[in-house]
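Next come the chains, spelled out residue by residue.
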Amino acid sequence: GVFKAIEWSASATGMEAGTLRLAKDGLCALCYSKATMLCSKCKQRWYCTAACQAKDWLLGHKGDCGLMDLAPAAVPFPPPAMLPDSVECPVVSDASWCKLLSSTDVGLRRGPPRGLRNVGNTCYMNAVLQGLYYSVPPLFKACEEHRVEHVANGTCSAAGSCFRCDMATVASTCIDPLAQVPAESSIGSGPRCESTFAIGDYVVLQGVKNSELNGQIGVIEQITAATLDDENEARFGIRLRETRVTVGPCNLQLRCRLAVAPSEVAQWLPRLNSEFTFGMQEDAHEFLRSVLRLVEDEELTEHADVLRRRAGMDGSAENKTVAANADLTASPSRIFGGIVVSQSRCPNKECGGCSNAFEAFMDLSLNITEATDTVEDALRFFTAPERLDKQNPWTCSGCNKKVRAQRQTTIYSVPNFLVLHLKRFRYEGRGKVTRPVTYSSELNMRPFLCASTQDSGKPLVYELRAVVVHLDKFGFSHFGHYVTYVRCAVSGDGTRSQWHVLDDSVGTEVSEQEVMSQQAYLLIYAASATLPVLRRGSSAAAVSQGGNSAIAELESAPVRCRGRDGEVCSFFACNSDGLCTRCFQAENGTRPAEATNSASEAKPTAAAAAAAAAAATATTQSSKASSKSSTGALPSQAKTTAAKAAVPSSSGGKAKKVGANDQCPCGSGRKYKKCHGSSA
């Protein structure tokens, strides 16, 4: 399956819970401007305006109000079963994956894009296929390599027998703007031109005697076969916007092929999902998940056959079976796979019990509420703490009681290609959530990472590559139309790009401003150059620079310690070259610095505990004093000023101001003066 949840003990060495987004004394908890107001309930959170306080409450402060002084609970490293390195026989090995990436151009594809014909309410399928093709090149590269290998072997040459082969066929014949066309529908362009043309192709005129026509875009309406009198050159009738001309092939430059239907994928609809019916309107997000699930299932089935054949060749009587977590090494997981961790904490300060559940994801589904104005707000709401209600208590293993626990989901590791799903469909009202949620061409995921994740201290920037939009009428969800916006390269080096909207078979250039104003349903991001291409191992940089020699070295290198046999592997906490703490110390004579720090941070010192107790006492006295004169949820300026002197800083002493060159407490990884400090 796509999702897995595994419970894991909190006794392992880790770091503090929560995200990398912090609350600082004197700075607004929402916008990080200078603040003068305090939360009237907990007296621990600062705000610059009442509007910021109201929005911060809806985005998650109501889940930790009064619980911010709980001792930080350690988040352990993920269990080995959640990591691809624990798979003994991977579906796609690190070496094979590095080799595929080294042969794939993961940058923007050249435009203009090509449309797909709608063959009966298949706009959802067209939008997803076009979005994946122009935003996630490794997915189709993996399918293409599979088709080349297996067509040569004759194992799945028939259409409809292999989904990955049909996906590769659709990519090369239907979506590729400059795809080759069948010989019976095209006319050869002769020895002086490089392309073949077919009726319906979009072309650009060049070298025409009438210079006013050069550079104009037209459609081929008629093709006259070459004769001896034409010196083996065909003649093409081109329909322009205001006229029609007849030219030779050397006066044409292919811009985009005629739109055709992705029939090879459409025939798989019943097998993609039992609820999919040809001709009916379906959900684009469900189609995306079904595509990834079927690709994964085919790879696992093929991997099982390879293991059985390998066991037979070795003469082994015992057949090797596919590992339960082998899907972590399949292509979809290596492309879209990430990990989230959900932590439940006991609100009893004397107990401190907690549990952690790790879960793999292929995409993140984000709620749209009255407070989520941006994608960053939706991600913050996704990672915000919540307080369980009385009807849904949590049984604490520490105090053995049913309590209203605090639960928080954070992102432990991010994928190479990130898919965000905005929940716009509900079973109430007209069914469609039409609230605008703004987004930009870049997304920094660092503020939403778990505080215990491996962090370089730099922004984790993703670039937006595709947006799938559901168009509706009057907010009804039971009918509508899907279009997709894709970003294509204009220059050869990919430094300049252009957005296009693909409405089935019609493609049109649009401005970036128009793209950012849409009611997005699916957002597809790609990791920018600030992130390594491969996070499944430590050899990504070497492979990207060393090419085939680095791949050969990786294949022949001995297996390093990956934290097996009960050891806590510090590879996931520091740069220890894949060694666990014990092996790293044996080889280098010292413990990894990050592992040492995390161990010391796991247990608060006596001084810190005393400071926390003092802060709690002062907060209680202050809240009692203020409760006599204040019953409202939002504090007034005078009340917060009086409370300021009663509340000590989180460090137990005088609050340290955030300097202009300090890291911004929002967790972006940038300096404060270049982040929120610029507007403070």
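The shown structure was predicted, so the numbers you read here are calculated from the model rather than taken from an experiment.

(A) Here's a closer look at the overall build of the protein. Check the secondary structure of the protein and you find 17 helices and 24 strands. In the protein, 65% of the contacts between residues at least 6 apart in sequence involve partners at least 24 apart. Approximately 32,700 Å² of the protein is accessible, and the part contributed by carbon and sulfur atoms is 51%.

(B) How the structure looks around the side chain of histidine 61. In this structure, histidine 61 sits in helix α1 (residues 50-64). Take histidine 61: its relative accessible area is 1%, and that puts it in the buried class. A polar side-chain atom of histidine 61 sits 2.9 Å from a polar atom in the side chain of aspartate 64. Beyond its immediate stretch of four places on either side in the chain, histidine 61 contacts Cys39, Cys42, Arg45, Tyr47, Asp56 and Met68.

(C) Up close: the packing of helix α4 (residues 137-153) against helix α5 (residues 163-175). Running from N to C, α4 and α5 point in directions that differ by 110°, and their axes come no closer than 8 Å. In terms of axis orientation, α4 runs roughly perpendicular to α5. Crossing of α4 against α5: the hand is left-handed. Only Arg164, Cys165, Met167, Ala168, Thr169, Ala171 and Ser172 of α5 make contact with α4, whose side of the interface consists of Phe140, Cys143, Glu144, His146 and Arg147. Looking at the contact of α4 with α5, its residues break down into six nonpolar, three polar and three charged.

(D) A look at the pairing of strand β12 (residues 354-361). Across the eight residues of β12, seven count as buried, placing the element largely inside the fold. Looking at chain direction, strand β11 (residues 338-345) and β12 are connected through eight bridges and run antiparallel. Bridging from a neighbouring strand, valine 340 pairs with glutamate 359 of β12.

(E) Seen up close, the packing of aromatic side chains. In total, this model carries ten aromatic pairs according to the counting rule given. Pairing phenylalanine 163 with tryptophan 268 gives two aromatic rings, centres 5.4 Å apart and planes at 70°, and the pair type is edge-to-face. Of this pair, phenylalanine 163 sits in helix α5 while tryptophan 268 sits in the loop between α6 (263-266) and α7 (269-272), and the two are 105 residues apart along the sequence. Between the aromatic rings of phenylalanine 276 and phenylalanine 287, the centroid separation amounts to 6.4 Å while the plane-to-plane angle is 35°, which identifies the pairing as tilted.

(F) Here's a closer look at the pattern of salt bridges. Tallied over the entire structure, the rule returns 18 salt bridges. Between arginine 244 and glutamate 221 there is a salt bridge, and its shortest N-O distance comes to 3.2 Å. Residue arginine 244 is located in strand β9 (residues 244-247), and its partner glutamate 221 is located in strand β7 (residues 217-224); the two are separated by 23 residues in the primary sequence. Between aspartate 472 and lysine 432 there is a salt bridge, with the nearest N and O atoms lying 2.7 Å from each other. Highlighted residues: aspartate 472 in the loop between β20 (461-471) and β21 (481-489) and lysine 432 in the loop between β18 (417-422) and β19 (442-444), separated in sequence by 40 residues.

(G) Just the nonpolar core, in detail. Formed by 58 residues in total, the largest nonpolar core has its most connected members in Leu129, Leu132, Phe163, Leu272, Phe287 and Phe336. A per-element tally of this core places helix α3 (residues 123-135) first, with nine residues. Discounting residues that sit within four places of it in the chain, phenylalanine 336 has contacts with Leu132, Val136, Leu292, Phe361, Met362, Pro415, Phe417 and Val419. Within the second largest apolar cluster, 37 residues are counted, among which are Tyr439, Leu443, Leu449 and Val515.

(H) Layout of the packing of helix α2 (residues 94-102) against α4. The contact between α2 and α4 brings their axes to 10 Å, and the two run at 110°. The angle between the axes of α2 and α4 places the two elements in the roughly perpendicular class. Of the residues in α4, those touching α2 at Trp97, Leu100 and Leu101 are Pro138, Lys141, Ala142 and Glu145.

(I) Up close: unusual backbone geometry. Residue proline 112 is bonded to the preceding glycine 111 through a cis peptide linkage, with omega at 0°. Relative to the helices and strands, proline 112 resides in the loop between α2 and α3. Phi is positive for tyrosine 32, which is not a glycine, with a value near 60°. Tracing the backbone shows tyrosine 32 in the loop between β1 (4-8) and β2 (37-38). Backbone geometry at aspartate 504 places phi at a positive 60°, although glycine is not the residue there.

(J) Region of interest: the sheet that holds strand β10 (residues 252-256). One open sheet holds the five strands; their spatial order is β9-β8-β7-β6-β10, and the pairing between them is antiparallel. Edge positions in the sheet fall to β9 and β10, since each has one partner strand and no second. Shown here is a sheet whose adjacent strand axes are inclined to one another by a mean of 45°, direction ignored. When strand β6 (residues 202-205) meets β7, the two strands line up antiparallel, connected through three bridges. Directly across from valine 204, in β7, lies its bridge partner isoleucine 217.

(K) Structural view of the pairing of β6. As paired strands, β6 and β10 are joined by four bridges and run antiparallel to one another. Counterpart to tyrosine 202 in the pairing with β10 is cysteine 256.

(L) Quick peek at the environment of glycine 207. Checked against the element boundaries, glycine 207 lands in the loop between β6 and β7. The exposed category is assigned to glycine 207, whose relative accessible area is 63%. Spatially, the C-alpha atom of glycine 207 lies 9.9 Å from that of valine 247, the residues being 40 residues apart in sequence.

(M) Structural context of the environment of alanine 51. Residue position: alanine 51 is located in helix α1. C-alpha of alanine 51 to C-alpha of leucine 30: the two residues are 21 residues apart in sequence and 9.8 Å apart in space.

(N) Main features of the confidence of the model for the protein. Taken as a whole, the protein shows an average pLDDT of 76; of its residues, 72% reach a score of 70 or greater. Every residue in residues 1-16 scores below 50 in pLDDT, and together they form 61 contacts with partners more than four places removed in sequence or on other chains. In the model, residues 530-577 has pLDDT below 50 throughout and makes 90 contacts with residues more than four positions away in sequence or in other chains.

(O) Quick peek at the environment of leucine 139. The residue leucine 139 is located in helix α4 in this model. Residue leucine 139 is classed as buried on the basis of its relative accessible area of 1%. Sequence separation of leucine 139 and valine 295 is 156 residues, and the distance between their C-alpha atoms is 9.5 Å.

(P) Structural context of the side chain of threonine 122. Residue placement: threonine 122 occurs in the loop between α2 and α3. In terms of polar contacts, threonine 122 uses its side chain to reach the backbone amide nitrogen of valine 119, at 3.1 Å. When residues no more than four places from it in sequence are discounted, the contact partners of threonine 122 are Arg117 and Phe278.

(Q) Examining the state of the cysteines more closely. The full count for this structure, using the stated rule, is zero disulfides. Residue cysteine 28 stays outside any disulfide, its sulfur separated by 3.7 Å from that of cysteine 31, the closest cysteine. For cysteine 28, a relative accessible area of 0% corresponds to the buried category.

Criteria and thresholds
- Residues numbered from 1 in each chain as written.
- Predicted model: local features only at pLDDT ≥ 70, side-chain atom pairs only at ≥ 80, totals over all residues.
- Heavy atoms only, no water.
- Helix = DSSP H or I, 4+ residues; strand = E, 2+ residues; numbered from the N terminus.
- Contact = heavy atoms within 4.5 Å.
- Areas by Shrake-Rupley, 256 points an atom, 1.4 Å probe, with all protein chains shown as cover.
- Buried < 20%, exposed > 50% of the residue type's maximum accessible area, 1.4 Å probe, protein only.
- Polar contact = N/O pair within 3.5 Å; in protein donor to acceptor, adjacent residues only side chain to side chain.
- Axes fitted to C-alpha atoms, helices over the stretch in contact; angles between N-to-C directions.
- Parallel < 35°, antiparallel > 145°, perpendicular 65-115°, else oblique.
- Left-handed = near helix turned anticlockwise from the far one by under 90°.
- Nonpolar A, V, L, I, M, F, W, Y, C, P; charged D, E, K, R; others polar.
- Pairing = 2+ DSSP bridges.
- Phe/Tyr/Trp six-rings, centres within 6.5 Å; stacked < 30°, edge-to-face > 60°.
- Salt bridge = Lys/Arg side-chain N within 4 Å of Asp/Glu carboxyl O.
- Core = buried A, V, L, I, M, F, W, Y, C linked by side-chain atoms within 4.5 Å.
- pLDDT = per-residue confidence, 0-100.
- Disulfide = S-S within 2.5 Å.

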